[in-house]
Amino acid sequence: MKILGIETSCDETAAALLEVADYNSHKTKKSQISNLKFQILGNVVLSQVNIHKKYGGVVPEVAARKHVETISPVIAEALNGQKPDLIAVTRGPGLITSLQVGLQTAKTLSYVWDVPLVGVNHLEAHLWSYLLNQDTSHKLPARLVVVAGGQDTLFPAIGLIISGGHTEMILVKGPGTYRLIGRTRDDAAGEAFDKVAKMLNLGYPGGPVIAHFAKKGNSSQINFPRPMMESGDFDFSFSGLKTAVKYQLNDMVPTGNFSQAFINDVCASFQQAVIDVLVGKTIKAAVKHKAKSVILGGGVSANEMLIADFQSSIFNLGLAFYYPEKWLTGDNAAMIALTGYFKQKSARKNNWRKLIAEANLSIV
Ligand code: KG4
Ligand code: ZN
């Protein structure tokens, strides 16, 4: 089946056409998914980042207006003349006015084409984005094989969703079966990168530029706190770390004229503090919940140091580790289409009347 995915929750206008073949669907129980094969037939991501850059962050009104202008050509390019069997659209969480653009477009197409429509949770889509990896040589298994009740299972998994707006730890028993076991109490991990970059005058978004300078810096130069590392639960807090960076900058360079060497060290030390907390708490959760694997998703999972540290800790424990390739870490619609496949039981032709956007939609 061909699924059109539509994503407009933040500052990327995205559409994708995904072909999904379930070779064993006639044999498997409803609760099982086996041997899925995916082919991305079209995948268009139009980023607005250059527009929002000058404001130091995403301006919701501007984002929504841009989505309105670009959504139709983006969808047309992804479809390339083909018609889908199902439409999957992000209905939350995200900026409400941005979400509305994708949702109303999807509803219109569903009505006009008489094609079923399903609403997708953006965070859930980040969680499954690794299934679309093209290069599977360094990961096991190549595809999601076997779910509920199977022998060869990779579940339960600990899912860590780390993006600009969210930091959520989820116990995953399979697609659609989740328990939220921890989340940030204040800033998201990506938000901390963005705010620290702003303090250093490095622009927006902060993650890629901090990761870049961190490579040249010394991560043990400044001993930033590792917030909530020993809190005994799986919640996070990054706003204190951000404040610690601010005080450190004021103390060490009151003029605000940071040398490049200093910037490199702050980036490396800050990044390592975030990584230590993310990796440390995920490992604790995996042990406590007897997980068989760890799944990463969201923009921050593009961080190479984070992946390297996760790899060594997770492989030491003998767990499988799944993370999206870089091109899948940010917002895209291929992951929305894929998650729409998992949700197809709730797809309806009359959903164009019913679906609503929810800015704070939760994964559980
Ligand atoms: O998932 P995403 O594209 O959008 C949201 O749903 O929020 O995540 C964007 C976030 C931004 O905060 C950005 O700074 C961060 O991901 N990010 C990174 C890296 N690349 C992007 N953070 C750390 N290291 C990176 N290499
Ligand atoms: Zn996202």
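Up top is the structure.
Here is a short report on the structure shown in this document. (Residues numbered from 1 in each chain as written. Chains lettered and ligands numbered in written order. Predicted model: local features only at pLDDT ≥ 70, side-chain atom pairs only at ≥ 80, totals over all residues. Heavy atoms only, no water.)

## Considering the coordination of the zinc ion (ligand 2)
Selection rule: Distances up to 2.8 Å from the metal define which N, O and S atoms are donors, and 3.2 Å serves for Na, K and Ca; water is absent from the atom set, so sites may look incomplete. When four donors show all angles between 85 and 135 degrees the site is tetrahedral, when four or six donors have opposite pairs over 155 degrees and all other angles between 65 and 115 it is square planar or octahedral respectively, and in every other case it is irregular. Secondary structure elements follow DSSP: runs of H or I no shorter than four residues count as helices, runs of E no shorter than two count as strands, and numbering proceeds from the N terminus. Burial classes follow relative accessibility: with a 1.4 Å probe on protein chains only, a residue under 20% of its type's maximum area counts as buried, one over 50% as exposed, and anything between as partly exposed.
On the protein side, the zinc ion (ligand 2) has His122 (NE2), His126 (NE2) and Asp331 (OD) as donor atoms, found 2.1 Å from it. Seen from the zinc ion (ligand 2), its four donor atoms lie at angles of 92 to 144°, and the figure they make is irregular. Summarised as a motif, the one-chain spacing of the donors to the zinc ion (ligand 2) is H-x3-H-x204-D. With His126 in helix α4 (residues 122-128) and Asp331 in the loop between α10 (326-329) and α11 (334-342), this residue pair connects regions lying 205 residues apart in the sequence. Each member of the pair, His126 as well as Asp331, is classed as buried.

## Focus: the pairing of strand β8 (residues 177-183)
Let me state the cut-off plainly: Any two strands with at least two DSSP bridges between them are considered paired.
Note that strand β7 (residues 167-174) and β8 share six bridges and pair antiparallel. Following the sheet pairing, Glu168 is matched in β8 by Arg183. The antiparallel hairpin formed by β7 and β8 contains two residues in its connecting segment, where Gly176 sits at a positive phi of about 90°.

## Observations concerning the nonpolar core
Worth spelling out the cut-off: In this text, buried Ala, Val, Leu, Ile, Met, Phe, Trp, Tyr and Cys residues form a nonpolar core when linked through side-chain atoms within 4.5 Å. Residues count as neighbours in contact if any of their non-hydrogen atoms are within 4.5 Å of one another.
Formed by 53 residues in total, the largest nonpolar core has its most connected members in Leu200, Phe224, Phe270, Leu278, Leu306 and Phe310. Elements with a contribution of two residues or more to this core: β6 (157-162), β7, α5 (189-199), α6 (206-214), α7 (239-252), α8 (260-288), β9 (293-297) and α9 (304-317). For this core, the element with the highest residue contribution is α8, accounting for 15 residues. Excluding anything up to four places from it in sequence, Phe224 contacts Leu241, Ala244, Val245, Gln248, Val266, Ser269, Phe270 and Ala273. Judged by nonpolar contacts, the second largest core, of 38 residues, contains Ile3, Tyr178, Ala333 and Met335.

## Details of the environment of Val74
Within the secondary structure, Val74 is located in helix α2 (residues 60-79). Taking C-alpha positions, Val74 is 23 Å from Pro324, a pair spaced 250 residues apart along the chain. Among all residues touching Val74, those that are not within four sequence positions of it are Thr13, Ala14, Ala15, Val44 and Leu46.

## Looking at the packing of α7 against α8
Basically, it comes down to this: Angles run from 0 to 180 degrees between N-to-C directions of axes, and those axes are lines fitted to C-alpha atoms, restricted for helices to the stretch in contact. Roughly parallel refers to an angle under 35 degrees, roughly antiparallel to one over 145, roughly perpendicular to one between 65 and 115, and oblique to any angle outside these ranges. Crossing handedness follows the turn of the near helix against the far one: under a right angle anticlockwise gives a left-handed crossing, and clockwise gives a right-handed one.
Closest axis-to-axis distance for the α7/α8 pair is 11 Å, and the angle between their directions is 160°. Between α7 and α8, the crossing angle belongs to the class labelled roughly antiparallel. α8 is crossed by α7, and the crossing has right-handed handedness. Contact with α7, carried on its side by Leu241, Val245, Leu249 and Met252, involves Phe262, Val266, Phe270, Ala273 and Val274 of α8 and no other residues of that element.

## Looking at the environment of Pro175
Within the secondary structure layout, Pro175 lies in the loop between β7 and β8. Take Pro175: its relative accessible area is 18%, and that puts it in the buried class. Remark: the alpha-carbon pair of Pro175 and Lys288, spanning 113 residues in sequence, is separated by 21 Å.

## Regarding the pairing of strand β5 (residues 117-121)
As a reminder of what qualifies: Crossovers are marked right-handed if the path from the first strand over the helix to the second runs clockwise, as seen with the strands pointing away from the viewer.
Of all the five residues making up β5, five are buried; the element is thus mostly covered by neighbouring parts of the structure. Pairing analysis gives five bridges linking strand β4 (residues 86-92) to β5, with the strands arranged parallel. Across the sheet, the residue bridging to Gly92 is Asn121, located in β5. Each parallel crossover has a hand, and the one from β4 via helix α3 (residues 96-113) to β5 is right-handed.

## Some words on the sheet that holds β8
Strand order in the open sheet formed by five strands is β8-β7-β6-β9-β10, and the pairing between neighbours is mixed. Taken across any chain shown, the strands that pair with only one partner, and hence form the sheet edges, are β8 and β10 (320-322). Across the sheet, the axes of successive neighbouring strands diverge by a mean angle of 20°, strand direction being ignored. One ladder, built from five bridges, connects β6 with β9; its direction is parallel. What sits directly across from Ile161, in β9, is Gly297. Along the sheet face, α8 touches β6, β7, β8 and β9 and points at about 155° away from the line of β6. Along the sheet face, α9 touches β6, β9 and β10 and points at about 160° away from the line of β10.

## Thoughts on the site of ligand 1
Let me state the cut-off plainly: Being near a molecule or strand, for a residue, means having at least one of its heavy atoms within 4 Å of it. The term polar contact refers here to a pair of N or O atoms within 3.5 Å; inside protein, the definition further demands a hydrogen-donor-capable atom paired with an acceptor-capable atom, and it admits residues adjacent in sequence only when both atoms are side-chain atoms. Only the protein chains shown count as covering a residue, and every accessible area follows the Shrake-Rupley method with a 1.4 Å probe. The classification used treats Ala, Val, Leu, Ile, Met, Phe, Trp, Tyr, Cys and Pro as nonpolar, Asp, Glu, Lys and Arg as charged, and all other residues, Gly among them, as polar.
The local shell around ligand 1 holds 20 residues, among which Gly164, Asp194, Gly207, Gly299 and Asn303 are the closest. Here an oxygen atom of ligand 1 and a side-chain polar atom of His122 are 3.3 Å apart. Residue Gly207 places a main-chain N or O atom 2.9 Å away from an oxygen atom belonging to ligand 1. Expressed as a share of its isolated accessible area of 550 Å², the protein-covered part of ligand 1 is 86%. Tallying contributions element by element places α6 first for the shell around ligand 1, with four residues. In the shell around ligand 1, the residues fall into six nonpolar, twelve polar and two charged.

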